[in-house]
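# Coordinate inspection notes
For reference, the chains in residue letters:
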Amino acid sequence: QLQLVESGGGLVQPGGSLRLSCAAPGFALDYYVIGWFRQAPGKEREGVSCISSGGLSTYYADSVKGRFTVSRDNAKSAVYLQMNSLKPEDTAIYYCAAGPRIGTVQRMCLMGVADYWGQGTQVTVSS
């Protein structure tokens, strides 16, 4: 069974940066569309960024566009989310997810369709 493990979360000041990693050691991630989702207390889960199996197609939520960058290194079985210019409203638990290769990045991020989910990593943006 595919297991996804997030890392890189923590406490950062507004305007700072963090890089989240999603790893699946021993699995060929090139077969999966990978997405990053977040959920804050009292709010619905939000798809923030998704990337196609080959890394050529990406999706970003309007709230993070221009600040976040998703990338992947299939040889390392890893997907990354570079988060710059962080704002307090970015505070949430961030999850990575893997979905069918045939799916689109829009479908994953907008509908939350995925087969596997990580346990999440906390990101807190506060002064």
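Here goes a summary of the coordinates provided. Quantities reported herein were computed from a predicted structural model and do not represent experimental measurements. Residue numbers run consecutively from 1 along every chain, following the written order of its sequence. Confidence filtering applies because this is a predicted model: local features only for residues at pLDDT of at least 70, side-chain atom pairs given and counted only at 80 or more, and all residues used for totals across whole chains, interfaces and linings. By convention in this description, side-chain values take in all heavy atoms of the structure and omit both hydrogens and water.

Before going further, it helps to examine the environment of Thr104. Only DSSP runs of H or I reaching four residues or more are called helices, and only runs of E reaching two or more are called strands; each is numbered from the N terminus. Locating Thr104 in the fold gives a position in the loop between strand E9 (92-100) and helix H1 (105-111). On a C-alpha basis, the gap between Thr104 and Ser52 in space is 6.9 Å, while along the polypeptide they are 52 residues apart.

Right, let's talk about the nonpolar core for a bit. Here is a general trend for soluble globular proteins: nonpolar side chains tend to be buried in one another's company. Residues Leu4, Leu29, Trp36, Val79, Leu81, Met83 and Tyr94 are the most contacted members of the largest nonpolar core, which totals 29 residues. Elements with a minimum of two residues in this core: strand E3 (18-23), strand E4 (32-39), strand E5 (46-51), strand E7 (68-73), strand E8 (78-83), E9 and strand E11 (121-125). Per-element accounting of this core gives the leading share, 4 residues, to E9. Discounting residues that sit within four places of it in the chain, Leu29 has contacts with Leu2, Leu4, Ala24, Ile34, Arg72, Asn74, Ser77, Ala78 and Val79. Only buried residues count toward a nonpolar core, which is a set of Ala, Val, Leu, Ile, Met, Phe, Trp, Tyr and Cys residues joined through side-chain atoms within 4.5 Å. For the exposure calls, accessible area comes from a 1.4 Å probe over protein chains only, and a residue counts as buried if that area is under 20% of its type's maximum, exposed if over 50%, partly exposed in between. Of all hydrophobic cores here, the second largest spans 7 residues; its members include Ala97, Val105, Met108 and Cys109. Note on contacts: a residue pair qualifies if any of its non-hydrogen atoms lie within 4.5 Å across the two residues.

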